[in-house]
Amino acid sequence: MVNLILKNINEVEESYRAEAEELCHEKSEFFKELFKKYDKDLTLEVIFDHSSALYKVSASLNLKSKKVLVVEEHKEVLKAVTSVFNALKKAAKKQYELERKDYEYKRKNRK
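This write-up is about the structure you can find in this document.

Rules and cut-offs
Residues numbered from 1 in each chain as written. Predicted model: local features only at pLDDT ≥ 70, side-chain atom pairs only at ≥ 80, totals over all residues. Heavy atoms only, no water. Axes fitted to C-alpha atoms, helices over the stretch in contact; angles between N-to-C directions. Helix = DSSP H or I, 4+ residues; strand = E, 2+ residues; numbered from the N terminus. Parallel < 35°, antiparallel > 145°, perpendicular 65-115°, else oblique. Left-handed = near helix turned anticlockwise from the far one by under 90°. Contact = heavy atoms within 4.5 Å. Nonpolar A, V, L, I, M, F, W, Y, C, P; charged D, E, K, R; others polar. Pairing = 2+ DSSP bridges. Right-handed = clockwise from strand over helix to strand, strands pointing away.

## So, the packing of helix H1 (residues 14-34) against helix H2 (residues 77-108)
Item 1. In contact at an axis separation of 10 Å, H1 and H2 are set at 15° when each is read in the N-to-C sense. Looking at the two axes, H1 sits roughly parallel to H2. Here H1 runs over H2; the crossing is right-handed. Only Val-77, Leu-78, Val-81, Thr-82, Phe-85, Asn-86, Leu-88, Lys-89, Ala-92, Lys-93 and Tyr-96 of H2 make contact with H1, whose side of the interface consists of Tyr-16, Glu-19, Ala-20, Leu-23, Cys-24, Lys-27, Phe-30, Phe-31 and Leu-34.
Item 2. Split by residue class, the contact of H1 with H2 holds 14 nonpolar, two polar and four charged.

Right, dumping it as structure tokens:
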């Protein structure tokens, strides 16, 4: 189970807020599908920060071994959200595979 938490969504411009929120829910479905057999309940946290002309979007996912954190900056909030989720997908898959390999290694060499 993956719980989505959106923080500082008020910093996104009114016209893009609903789209950004919908995009986050849409992208979080991938993580719900990927981690449906995972032992731990995960928290996917997306934080928005708007300073000057740039939007800074950070996303984190707390796996068993460590917390995967990705930050992206862009002038357009929707492009920042898309790129942060793409980077998080890549990082989370890599960490998940490492955890799986570690588990299999420990299971194999238990004797």
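## What about the pairing of strand E1 (residues 2-7)?
Item 1. Pairing geometry for E1 and strand E2 (residues 42-51), over six bridges, is parallel. Paired with Leu-6 across the bridge in E2 is Val-46.
Item 2. One crossover worth recording links E1 to the parallel E2 by way of H1, and it is left-handed.

## Here we look at the sheet that holds E1
Item 1. Here four strands make up an open sheet; going across it, the order is E1-E2-E3-E4 and the pairing mixed. Two strands lie at the open edges of the sheet, namely E1 and strand E4 (67-74), each paired on one side alone. This sheet shows a mean twist of 15° between the axes of neighbouring strands, independent of strand direction.
Item 2. Running at roughly 155° to E1, H1 makes contact with E1, E2 and strand E3 (54-62) of the sheet.
Item 3. Of the strands in this sheet, E2, E3 and E4 are in contact with H2, which crosses E4 at around 155°.

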